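Descriptive structure summary
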2 protein chains.
Amino acid sequence: MRVLLTGGAGYIGTHTALVLLERGHEVLVLDDFSNSSREAVRRVEELAGAEIPVVEVELAAPNSAVAAALAGQDFDAAIHFAGLKAVGESVQQPIRYYRTNLDSTLNLLELLGDRGVDRLVFSSSATVYGDPQYLPQDEEHPVGQGLTNPYGWSKAMNEQIIRDAQAARPELAAVLLRYFNPVGAHPSGRIGEDPAGIPNNLMPFISQVAVGVRDRLSVFGDSYPTVDGTGVRDYIHVMDLAEGHVAALERIGAGVTAYNLGSGTGSSVLEVVRAFEEASGRPVPYEVVQPRAGDVAEVVANPEKANAELGWRTVRSLAEACRDSWAWQSANPQGYRTGGAAA
Amino acid sequence: MRVLLTGGAGYIGTHTALVLLERGHEVLVLDDFSNSSREAVRRVEELAGAEIPVVEVELAAPNSAVAAALAGQDFDAAIHFAGLKAVGESVQQPIRYYRTNLDSTLNLLELLGDRGVDRLVFSSSATVYGDPQYLPQDEEHPVGQGLTNPYGWSKAMNEQIIRDAQAARPELAAVLLRYFNPVGAHPSGRIGEDPAGIPNNLMPFISQVAVGVRDRLSVFGDSYPTVDGTGVRDYIHVMDLAEGHVAALERIGAGVTAYNLGSGTGSSVLEVVRAFEEASGRPVPYEVVQPRAGDVAEVVANPEKANAELGWRTVRSLAEACRDSWAWQSANPQGYRTGGAAA
C-alpha cells in the first residue's frame, strides 16, 4: 500500500512512517513543517533505507492549493495526523485551532473523495471521552461531554465529521484511533518527540530536566485519590502506537470504527519520574504545584477491542519507553535542532 | 446601533432587518445570494423606507476575501444567520455543510476580533438538543447528544466554537438563539419564506399546496403518541422571532448566553393543516406516509428564560402565522421569482 501521512514529519507520524516502511508499504509525507522538521523525515529515510517523497503544503489551506501540491502523487490510503495539539494554546487561540484542525480534515475528506481513496485512519485522542464516567474507558464511553478545551473539541468534531462523510460515501472505510498518552521514541534514539518551546507533555518535560535543559519538573497536584496522590495516565510507547496504526490500516473494515490505543495500565506521575531516573541514571528534581483546572485523577484505557479486532496489543513497558526517550533526548538535547551530531 | 446581518437576505434575516430598521437601528447585509434574493432586500428597503447597504461575498470564503469585501464598512454588532440549513441535503453533502457553516462562523469571529466588535447574536436551533430527554426543553437540556444530521451538528459545533472564542476574548458578548419552528411572514405579504426547490419545512410546503404549486402534503406518520398521532412542534411566527433577535441584541450581557425562542405551545401537523385551510380558505390535501428516520413525536420549548431575561415573548398566534404565510404565498406563488408583480 502507498500511504499518505498528513503531518507525517511529526512525532507519531515519523514513527508510523518507519513501521510502515519496515512492513513493506510505501509512504508519502504531507507536512507544512510549522511544528516539525525535514530532518525528522531524513532520519526516517536513513533508518529505513528508503526514500520518502515529501509534499510541503498546509493541509488546511484552500483545497485547490492542497490538490495542486498533491498532483501526480497517488496513494491508496491516508493516515491523518496533521493538526495543532497543544491543549493550553488551544484555549488561547481557539479560532486558529478550530480552523486548522477542522479545515484540514474537511480538505482531506474531499481529496479522498475526489481521488477515490477509500481508506482513512484518523489520529484521535482519548480526550474525546472528557471526564471519565467509568474506568477503564472503553469505546462505548460517551464522547464530547464536558470537554474543557478546543483541542479536545476539535478531535470530537473531526470524529463526527468523518462519520458523516462516511455515511454519505459508503465506500469509505475509516478508523478513529483514540490515543492515550504516547511516550518513548525509536530505540535507535534517532527520532523522537521534539516539542517546540516548553513541553506540554510529561515525558519530554522529564527528559529535558534529566538532560539539563530545564531545572525541575512541576507536578500538578499530589492529593488525587491515586496510589501516591499524583495523576495517573495510561502511557503507550510510540512504537506500540505506530504498530497500532499499521494494524488498523491493514485490518480496516467497512464503515467507521473507533479503537482505543492504550496499554490498559495506569502509571502515576511519580512512577514515571522514578522509571525515568532509573533508565537515565540522572536525577529528575520536581516540585509539587497546584493542580491544573480540568485535570482528572486517573485516565486508563480499556484496549480490549483493539486487542481483539486489530490483533494488536502494547508490548513495550514504561521502562523501555523511558530508556528510549532518554536515548533520544541525550543524543539530541535540542531535538532535531541539534543538527544530527549524534548518530 | 449599526448591525451586520450575515445571511441578511434570507427568511429570518429579512424580517429581522425590517424590525431593526423600525426600531431605529441601521443594518448592513452580507449575503452571497446562493439561497436568497436581492429582491428580498429591495422589499425590506421599500417596507422600511430606508436604504440597506449590501456586501456580496461568501462568508466561508478565505477570510482575506471577506475582510476585503467589508473594507470601509463599520458596524457595532453582528447577527450571524449565514449558513446552509437543509437537513436532508446536509446528510448527502456533509463536507459542504460543515465547511460552509463552520468556516463562516470562524471567519466572522476572526473579523469581529480584528474590528473590535464585541456583540454577536448567533442563529442556532433547537435541533442542538437532539432527542428530547424531557419536555418542554429548557436551555439546561443536554446539547449535542444523538444528533442525526450534519446540519444539527454544525449548529452545536458553532455554539461550542463561539463559547471558546468568547473565553479567549472576554470582551465579546454573545447570545445563542435556539429557534424552534419559524413560520409565517411579514403581514404585508411582501417578504416571506422562499425555499429553493421542494420545501423542507411544513408551512411553506402547505402554502405551496394551498396555492396549487404542489399537489398534496406528505404527513410523515400518524401514530405518534400525540393529540392526533401526527408530530407536534413549537411554531413561532417569524415576526416574533425577529423581535427576539432585537431584544437579544439590545439586552446582550457579558459572556455567552443561550436562549430558546419558541412559544411554549405545541401544534400537531394536522392542527397546522386545519389552521392554514381556515386562514387561506383553500383545501390542503394530504396523505399520511411513513415516519422519517430521526423524527420525534414532540418538541416544545420552554421559553421562560427569554421571557424573563430578554423581556420578550411570542405574541402572534398560529392562525396569524397561517394568515401571513398565505398573504405572502398567494401574492408570490413563485416567491421572489414572481417578479414583484404583487404589491
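This structure is a prediction, so every number in the text was calculated from the model and none was measured. Counting restarts for each chain, with residues numbered from 1 along the sequence as it is written. Written order determines the labels here, with chains lettered from A and ligands numbered from 1. Given that this is a predicted model, residues contribute local features only at a pLDDT of at least 70 and side-chain atom pairs are listed and counted only at 80 or more, while totals for whole chains, interfaces and linings are drawn from all residues. Remark: hydrogens and water are excluded; side-chain values derive from all non-hydrogen atoms of the structure.

To continue, consider the UniProt feature "domain: NAD-dependent epimerase/dehydratase" (unreviewed entry) in chain A. Listed under "domain: NAD-dependent epimerase/dehydratase" (unreviewed entry) in the UniProt record, and renumbered for this structure, are residues 3-262 of chain A. In this text, helices come from DSSP runs of H or I with a minimum length of four residues, and strands from runs of E with a minimum of two, each type numbered from the N-terminal end. For residues 3-262 of chain A, the helix share is 38%, the strand share is 19%, and the end-to-end C-alpha distance is 23 Å. UniProt positions are given in the numbering used here, feature names are shortened, and annotations may be inferred rather than shown by experiment.

Here we take up the sheet that holds strand E6 (residues 173-179) of chain A. Residue and element names in this part refer to chain A. When DSSP finds two or more bridges between two strands, those strands count as paired. Across the sheet, which stays open at both edges, the seven strands sit in the order E3-E2-E1-E4-E5-E6-E11 with parallel pairing between neighbours. Each end of this open sheet is capped by a strand with a single partner; those strands are strand E3 (54-56) and strand E11 (255-261). Sheet twist, expressed as the average angle between the axes of neighbouring strands with direction ignored, equals 20°. The sheet contact formed by strand E1 (residues 2-6) and strand E4 (residues 77-80) spans four bridges and is parallel. Note that in E4 the partner of Leu5 across the bridge is Ile79. Angles shown run from 0 to 180 degrees and are taken between the N-to-C directions of axes, each axis being a line fitted to C-alpha atoms and, for helices, limited to the stretch in contact.

Note on definitions: a residue-residue contact is assigned when non-hydrogen atoms from the two residues lie within 4.5 Å. Counting residues at the interface gives 23 residues for chain B, matched by 23 residues for chain A. For the pair chain B and chain A, the summed buried surface comes to about 1,900 Å²; carbon and sulfur atoms form 66% of the total. In this description, buried area is defined as the sum, over both parts, of the accessible area (probe of 1.4 Å) that is lost when the two are combined. The largest per-residue losses of area from chain B upon contact with chain A belong to Ile95(B), Arg99(B) and Leu106(B), which jointly make up 27% of the total buried on that side. Note on definitions: salt bridges are taken to be side-chain nitrogens of Lys or Arg within 4 Å of carboxyl oxygens of Asp or Glu. At the boundary of chain B with chain A, the tally comes to two salt bridges. Its salt-bridge partner being Glu110(A), residue Arg99(B) comes within 2.7 Å of it at the nearest N-O pair. Polar contact criterion, stated in full: a pair of N or O atoms within 3.5 Å, where within protein one must be able to donate a hydrogen and the other to accept it, and residues adjacent in sequence count only if both atoms are side-chain atoms. The tally of links between chain B and chain A comes to six residue pairs in polar contact (both at pLDDT 80 or more). Of all the elements in the fold, those that place two or more residues in the side of chain B that touches chain A are helix H4 (87-92), helix H5 (94-115) and helix H6 (150-168) of chain B. Here the element with the most residues in the side of chain B that touches chain A is H5(B); it accounts for ten residues.

The subject of this paragraph is the side chain of His15(B). Residue and element names in this part refer to chain B. Assignment of secondary structure puts His15 in helix H1 (residues 11-22). Partly exposed describes any residue whose relative accessible area lies between the buried limit of under 20% and the exposed limit of over 50%, with all areas from a 1.4 Å probe on protein chains only and scaled to the type maximum. Overall, the relative accessible area of 0% leaves His15 in the buried class. Setting aside residues up to four positions removed in sequence, His15 forms contacts with Ala185, His186, Ile191, Gly192, Val238, Met239 and Ala242.

Among the buried residues, those of types Ala, Val, Leu, Ile, Met, Phe, Trp, Tyr and Cys that are joined through side-chain atoms within 4.5 Å form a nonpolar core. In terms of nonpolar packing, the biggest core is built from 83 residues, with Leu120(A) and Leu120(B) touching the most fellow members. Other than its neighbours up to four places away in sequence, Leu120(B) contacts Ala78(B), His80(B), Leu108(B), Leu109(B), Leu112(B), Ile162(B), Leu172(B), Ala173(B), Ala174(B), Val175(B) and Ile252(B).

Before going further, it helps to spend a moment on the environment of Ala242(B). Residues and elements named next belong to chain B. With respect to the helices and strands, the residue Ala242 is situated in helix H8 (residues 238-250). By relative accessible area, which is 0% here, Ala242 ends up buried. Here the alpha-carbon distance between Ala242 and Thr16, two residues 226 residues apart in the chain, equals 4.4 Å. Among residues more than four places away in sequence, those in contact with Ala242 are His15, Thr16 and Val19.

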